[in-house]
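In case you want the letters, here they are:
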Amino acid sequence: EELVWAVEHLPPIPRTPAESALAGALAEEAARIALERHSGRIRTLYGPGGKVRTAEGKDLTGITLLIATGGALVRLPDRIGRLRRVLSAMRRDVLSPPAEVDIAFDDDYLMSACGVLSRTWPDAAFTILMKSLGLEAPL
């Protein structure tokens, strides 16, 4: 009951250590859920030939860059550490990125706007997005 009250009254920008801790826990849970939703899974099937393990969905284990955008995860302290902890704790059957993956943050929360902008001005959208991610655009 106290936790529900705290979540319902959590301000957009945490002001106290307790609010920051709660916002961090919520952000980590949101990241875990998002990673599970977007990642494939290893399934075990049983057939006439016995047990077979197969991949289902997207295998994200080989990606080299994870981009985080929006919300508390981008703004809270230790954001890289938080994402690495989430990645390290993923279930073994989830084909999520490795904990050592490079991580970039959409610091200016422009990813969705750049998607719209890219239809008309793709070069400008790319330049703006790369700046928000803190990445250098390839030549």
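Here the structure is a predicted model, which is why all the values come from computation and not from measurement. (Residues numbered from 1 in each chain as written. Predicted model: local features only at pLDDT ≥ 70, side-chain atom pairs only at ≥ 80, totals over all residues. Heavy atoms only, no water.)

Observations concerning the overall build of the chain
The line we're drawing: Strands are runs of DSSP state E lasting at least 2 residues, helices are runs of H or I lasting at least 4, and numbering of each runs from the N terminus. Atoms considered for the radius of gyration are the C-alpha atoms alone. The globule rule reads 2.2 Å times the number of residues to the power 0.38. Here's how the labels work: a residue is buried when its accessible area is under 20% of the maximum for its type, exposed when over 50%, partly exposed in between, all with a 1.4 Å probe on protein chains only. Whether two residues touch is decided by their heavy atoms; if any such pair falls within 4.5 Å, the residues are in contact. In these tables, accessible area is a Shrake-Rupley quantity obtained with a 1.4 Å probe, and a residue counts as shielded only by the protein chains included in the view. The charge count treats Lys and Arg as positive and Asp and Glu as negative. His and the chain ends do not count. A charged residue contributes its charge at one atom only: NZ of Lys, CZ of Arg, CG of Asp or CD of Glu.
Along its length, the chain carries six helices and five strands. Taking 2.2 N^0.38 as the reference for a compact globule, 139 residues should give roughly 14 Å; the C-alpha atoms of the chain span a radius of gyration of 19 Å, well beyond that estimate. Along the three orthogonal principal directions, the C-alpha set of the chain runs to about 55 × 50 × 25 Å. Each of the 139 residues in the chain was classed as buried or not, and the buried ones make up 30%. In the chain, once contacts between residues fewer than 6 apart in sequence are set aside, the share between residues at least 24 apart is 56%. Summed over all atoms, the accessible surface of the chain reaches about 9700 Å², with 58% contributed by carbon and sulfur. Positive and negative side-chain charges in the chain, numbering 17 and 18 respectively, have mean positions lying 5 Å apart.

Quick notes on the sheet that holds strand 2 (residues 50-56)
Keep this limit in mind: Note: two strands are recorded as paired if DSSP finds a minimum of 2 bridges between them.
An order of 2-1-4 is seen for the three strands of this open sheet, with the pairing classed as antiparallel. In this open sheet, the two strands that pair with only one neighbour each are strand 2 and strand 4 (94-95).

Thoughts on the packing of aromatic side chains
As a reminder, the rule being used: Aromatic rings from Phe, Tyr and Trp, with only the six-membered ring used for Trp, were paired whenever their centres fell within 6.5 Å, and each pair was classed as stacked if the ring planes differed by under 30 degrees, edge-to-face if by over 60, and tilted otherwise. Geometrically, a lysine NZ or arginine CZ counts as sitting over a ring once it is within 6 Å of the ring centre and also within 35 degrees of the ring normal.
The tally for this structure, following the rule as stated, stands at zero aromatic pairs. Stacked on the ring of phenylalanine 105, the Lys or Arg arginine 79 has its end atom at 4.0 Å from the ring centre.

Side note on the pairing of strand 1 (residues 40-47)
Pairing of strand 1 with strand 4, which is carried by two bridges, proceeds in the antiparallel orientation. Within the sheet, the bridge partner assigned to glycine 40 lies in strand 4 and is leucine 95. Sheet topology places strand 1 next to strand 2; seven bridges connect them, and they run antiparallel. Bridging from a neighbouring strand, tyrosine 46 pairs with lysine 51 of strand 2. Hairpin connection of strand 1 to strand 2: two residues between the antiparallel strands.

Considerations on unusual backbone geometry
Phi at aspartate 78 takes a positive value of approximately 60°, unusual for a residue other than glycine. Its location among the elements puts aspartate 78 in the loop between helix 3 (71-75) and helix 4 (79-88). By relative accessible area, aspartate 78 is classed as partly exposed at 47%. Even without glycine at this site, tyrosine 109 takes up a positive phi of about 55°. The topology assignment puts tyrosine 109 in the loop between strand 5 (102-106) and helix 5 (111-117).

A short note on the environment of methionine 130
By secondary structure assignment, the location of methionine 130 is in helix 6 (residues 122-133). Judged by its relative accessible area of 11%, methionine 130 is buried. Measuring from C-alpha to C-alpha, the distance between methionine 130 and leucine 110 comes to 9.9 Å, with 20 residues separating the pair along the chain.

Here's the deal with the packing of helix 2 (residues 17-38) against helix 4
For clarity, the cut-off: In this analysis an axis means a line fitted to C-alpha atoms, helices contributing only their contacting stretch, and an angle means the value between N-to-C directions, from 0 to 180 degrees. Put simply, angles under 35 degrees are roughly parallel, angles over 145 are roughly antiparallel, angles from 65 to 115 are roughly perpendicular, and the rest are oblique. Note on convention: near helix rotated counterclockwise from far helix by under a right angle means a left-handed crossing. Clockwise means right-handed. As a working rule, the residues Ala, Val, Leu, Ile, Met, Phe, Trp, Tyr, Cys and Pro are called nonpolar, Asp, Glu, Lys and Arg charged, and the rest polar, with Gly in that last group.
Between helix 2 and helix 4, the shortest axis-to-axis distance is 10 Å and the interhelical angle comes to 45°. The angle between helix 2 and helix 4 falls in the class oblique. Both helix 2 and helix 4 take part in a crossing whose hand is right-handed. Where helix 2 abuts helix 4, its residues Ser20, Gly24, Ala25, Glu28, Ala31, Arg32 and Leu35 lie against Arg82, Leu83, Arg85, Val86 and Leu87. Partitioned by chemical class, the residues of the contact of helix 2 with helix 4 number six nonpolar, two polar and four charged.

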